[in-house]
Amino acid sequence: MTICSSDEIIDEFELITRDAGRVQQDTLRKILELNADAEYLNRFNLERRTDSKSFKSCIPLCVHSDIESYIQRIADGDNSQVLTGKPITSLSVSSGTTQGKPKFLPFNDELLQSTIQIFRTSYAFRNREYPIGNGKALQFVYGSKQVFTQGGILATTATTNLYRSWRFKEAMKDIMSQCCSPDEVIFGPDFHQSLYCHLLCGLIYSDEVQFVFSPFAHSLVHAFHTLEEVWEDLCADIRAGVLSKRVTTPSIRQAVSKILRPNPELASSIYNKCQNLSNWYGVIPVLWPNAKYIYGIMTGSMEPYLKKLRHYAGHLPLMSADYGASEGWVGSNVNPTLPPEEVTYAVLPNIAYFEFIPLEKPKGEEMENSSSIHYIESEPVGLTEVEVGKIYEVVITNFAGLYRYRLGDIVKISGFHNSTPELQFICRRSLVLSINIDKNTEKDLQLAVEEAEKLLAEEKLEVVDFTSLVDRSRDPGHYVIFWELNSDNASEEVLSSCANSMDLAFVDAGYVGSRKIKTIGALELRVLRKGTFGQVMNHYLSLGGAVSQFKTPRFVTQSNIKVLQILNRNVTQSYFSTAYGI
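As the structure is a computational prediction, the values presented were derived from the model and not from experiment.

A. Structural view of the side chain of Thr 344. Position of Thr 344 among the secondary structure elements: in the loop between strand S10 (328-332) and strand S11 (345-347). One polar contact links Thr 344 to Asn 335, side chain to side chain, over a distance of 3.3 Å. Residue contacts for Thr 344: discarding those within four places in its chain leaves Ser 332, Asn 333, Asn 335, Leu 338, Ser 414, Glu 422 and Leu 423.

B. Region of the structure containing the state of the cysteines. Tallying each qualifying case throughout the model produces zero disulfides. With no disulfide of its own, Cys 179 lies closest to Cys 180 among cysteine sulfurs, the gap being 6.1 Å. A relative accessible area of 16% means that Cys 179 is categorised as buried. Take Cys 201: it sits in no disulfide, and the sulfur closest to it among the cysteines is that of Cys 197, at 6.1 Å. Given the relative accessible area of 0%, Cys 201 is considered buried.

C. Broad picture of the nonpolar core. Membership of the largest hydrophobic core comes to 84 residues, with the highest contact counts inside it found for Tyr 40, Ile 59, Tyr 323, Phe 354 and Phe 356. The residues touching Phe 356, leaving out its near neighbours within four places in the chain, are Glu 379, Pro 380, Val 381, Gly 382, Leu 383, Val 386, Tyr 392, Glu 393, Val 394, Val 411 and Leu 423. Ranked by size, the runner-up nonpolar core spans 49 residues in total, among them Cys 201, Val 209, Phe 224 and Leu 266.

D. Up close: the sheet that holds strand S7 (residues 293-297). Pairing is parallel across the open sheet formed by four strands, whose spatial order is S3-S6-S7-S8. With partners counted over all chains shown, the strands left at the sheet margins are strand S3 (136-139) and strand S8 (318-320), one partner each. The average undirected angle you get between the axes of adjacent strands in this sheet is 25°. Contacting S7 and S8, helix H15 (residues 306-313) runs over the sheet at an angle of about 135° to S8.

E. Quick peek at helix H13 (residues 264-275). Under the 1.5 Å per step criterion, the end-to-end length of H13 is 16 Å for 12 residues, consistent within 8% with the ideal 16 Å. Those residues of H13 lying buried are Leu 266, Ala 267, Ile 270 and Cys 274. Buried residues of H13 fall within an arc of 100° about the axis and therefore sit on the same side. The inward-facing, buried residues of H13 contact helix H10 (191-204), helix H11 (217-240) and helix H14 (283-287).

F. Fine view of the packing of aromatic side chains. Going through the model one piece at a time under the given rule, you end up with 21 aromatic pairs. Plain terms: the ring middles of Phe 55 and Tyr 353 are 6.1 Å apart, the flat faces sit at 80° to each other, and that makes the pair edge-to-face. Of this pair, Phe 55 sits in helix H4 (residues 52-58) while Tyr 353 sits in strand S12 (residues 353-360), and the two are 298 residues apart along the sequence. With respect to burial, Phe 55 and Tyr 353 carry one shared label: buried. Measuring from ring centre to ring centre gives 5.0 Å for Trp 231 and Tyr 271, while their planes differ by 50°; the resulting arrangement is tilted. In this pair, Trp 231 is assigned in helix H11 and Tyr 271 in helix H13, connecting sequence segments 40 residues apart. One aromatic cluster is present, built from ring pairs that chain together Tyr 130, Phe 211, Phe 213, Tyr 293 and Tyr 295. Arg 126 extends its terminal NZ or CZ atom over the ring of Phe 211, reaching a point 5.7 Å from the ring centre. The lysine or arginine in question, Arg 126, covers the ring of Tyr 295, its NZ or CZ lying 3.8 Å from the ring centre.

G. Looking closely at the sheet that holds strand S22 (residues 524-528). The four strands lie next to each other as S20-S21-S22-S23, forming an open sheet whose pairing is mixed. Every other strand in the sheet has two partners, leaving strand S20 (463-471) and strand S23 (571-576) as the edge strands with one partner each. With strand direction ignored, the average angle separating the axes of adjacent strands in the sheet is 20°. Sheet analysis places strand S21 (residues 478-485) next to S22, joined by five bridges and oriented parallel. Bridge pairing in S22 places Ile 481 opposite Leu 525. Helix H17 (residues 492-505) contacts S21, S22 and S23 of the sheet and is inclined by roughly 55° relative to S23.

H. Summary view of the pattern of salt bridges. Using the criterion set out here, one finds 19 salt bridges in the structure. Between Asp 19 and Arg 22 there is a salt bridge, with the nearest N and O atoms lying 3.1 Å from each other. For Arg 22, a relative accessible area of 45% corresponds to the partly exposed category. In this structure, a network of salt bridges that share partners links the residues Asp 19, Arg 22, Asp 26, Arg 29 and Glu 33.

I. Layout of the packing of H10 against H11. Interhelical geometry of H10 versus H11 gives an angle of 65° and a closest axis separation of 9 Å. As the angle between them shows, H10 and H11 are arranged roughly perpendicular. Where H10 crosses over H11, the handedness of that crossing is right-handed. Where H10 abuts H11, its residues Phe 191, Leu 195, Tyr 196, Leu 199, Leu 200 and Leu 203 lie against His 222, Ala 223, Thr 226, Leu 227, Val 230, Asp 233, Leu 234, Asp 237 and Ile 238. Across the contact of H10 with H11, the residue classes tally to 11 nonpolar, two polar and two charged.

About the thresholds
Residues numbered from 1 in each chain as written. Predicted model: local features only at pLDDT ≥ 70, side-chain atom pairs only at ≥ 80, totals over all residues. Heavy atoms only, no water. Helix = DSSP H or I, 4+ residues; strand = E, 2+ residues; numbered from the N terminus. Polar contact = N/O pair within 3.5 Å; in protein donor to acceptor, adjacent residues only side chain to side chain. Contact = heavy atoms within 4.5 Å. Disulfide = S-S within 2.5 Å. Buried < 20%, exposed > 50% of the residue type's maximum accessible area, 1.4 Å probe, protein only. Core = buried A, V, L, I, M, F, W, Y, C linked by side-chain atoms within 4.5 Å. Pairing = 2+ DSSP bridges. Axes fitted to C-alpha atoms, helices over the stretch in contact; angles between N-to-C directions. Expected span 1.5 Å × (residues − 1). Arc of directions from axis to C-beta. Phe/Tyr/Trp six-rings, centres within 6.5 Å; stacked < 30°, edge-to-face > 60°. Lys NZ or Arg CZ within 6 Å of the ring centre and 35° of its normal. Salt bridge = Lys/Arg side-chain N within 4 Å of Asp/Glu carboxyl O. Parallel < 35°, antiparallel > 145°, perpendicular 65-115°, else oblique. Left-handed = near helix turned anticlockwise from the far one by under 90°. Nonpolar A, V, L, I, M, F, W, Y, C, P; charged D, E, K, R; others polar.

As structure tokens, this is what we get:
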């Protein structure tokens, strides 16, 4: 990896964004030339053409279900040119789900390179505002299980695909963000042990830490909440130079023990600092005095954690990380002084080919913020054709075999950087339930309810209608599912089993992992009086809606006070899941 200065990286970014339209055409041409013999492209008779007009007229917009069979063939060992010219050697497992199953997405060297470019670009702009010297980063990152598909293809999370790459590690050294913790901690099999060792390693190198990072704000809050509970044990480890018995994984013990030495002076300093804190306010700058900022994804479902994160951060600025998905990257945060609530992302026009589907809210729903709105769509427009102030769904064509792929993200155009747009992330279009890193759609909710309904069938009962709520009134937040049944004769035993069944039916990795470590609370089933959803419909009709167009909202936001009032005053029974223990 060639080391570049921040100025050189910024100059390169300025160059490619001055003529973003031309760069986009060049990028599409490169993608189509590299993958000219791909079966998927030939299916639609593109016939090796590389211009955008032919591409858009031949290749349809798609979602994951449209290409799932192609990806499955790759997973099963088909090394022909299915989606790309070069064989796909690894897959990313998306945290989103399709039909109740995690999604496989192709990952290749080009995606790795675009990730490095995104990270270096945002780093350069951050470093211009908040210069950091040689040092380390306190990173709360965790690899996931690496499995091989039937065809021998490695399948793991996108984060793990990155952190297992030596090219990515070299790039991170290039931008001075090597992790305090050894790889054995990152890839440890037990989350709690890895978190404890991240904190320990961060304290050992406390004077060298330049910034604090985790992919998600929730992970940062959870890490420092854990620090409140284990700080005395950490001090004891540092004082004696012996790792706590709570860390039992041999590989982690061995790796961390190599850097852990008796240091009574450091232990006493940490102990005194923690004792003198007021309710842990500003703990990060107190324990890591040379840290310049805190970095991670802080938009969308992460915003609820900003208040607590700011409490831990004290005077340190919070910066929202770059915008992308398991499918690929979109843009960098090149305005790092903006608070997370206002962050924008400048699209890099050479990492993929982008289109944007214009979205308009139906009349009468202009003020509604639910992600499940059925927007009125227009024909997709190009990167440089978007208009400031309007909202769009992002469509991506990348180097890894996704062509005109709908990301399902709703963004607002906040402005332009040269000729490339700056996007503000609004929400996931199909996302219904999310508390931290969990992502469950309306379909996932439906599948969970259907699974539990099997238990009702034995008593000849059925669910008349249902909706859901994310309840953050206490910590941790939890899912609430509202049911209206066709009879009041359901036994408590059956309804308790239904709550457990739904809790286990959400198979999204982010949800399962969060439930296991109890950063998401037990799912709650609230049973409603008969006729409740009729009252909900009457409420919408009173606002001017039509019966023929009425759809029961599958997710109710806290701001939808009237509907929440209808639901809550009609609750007759409540059952909490015990599926993950009490």
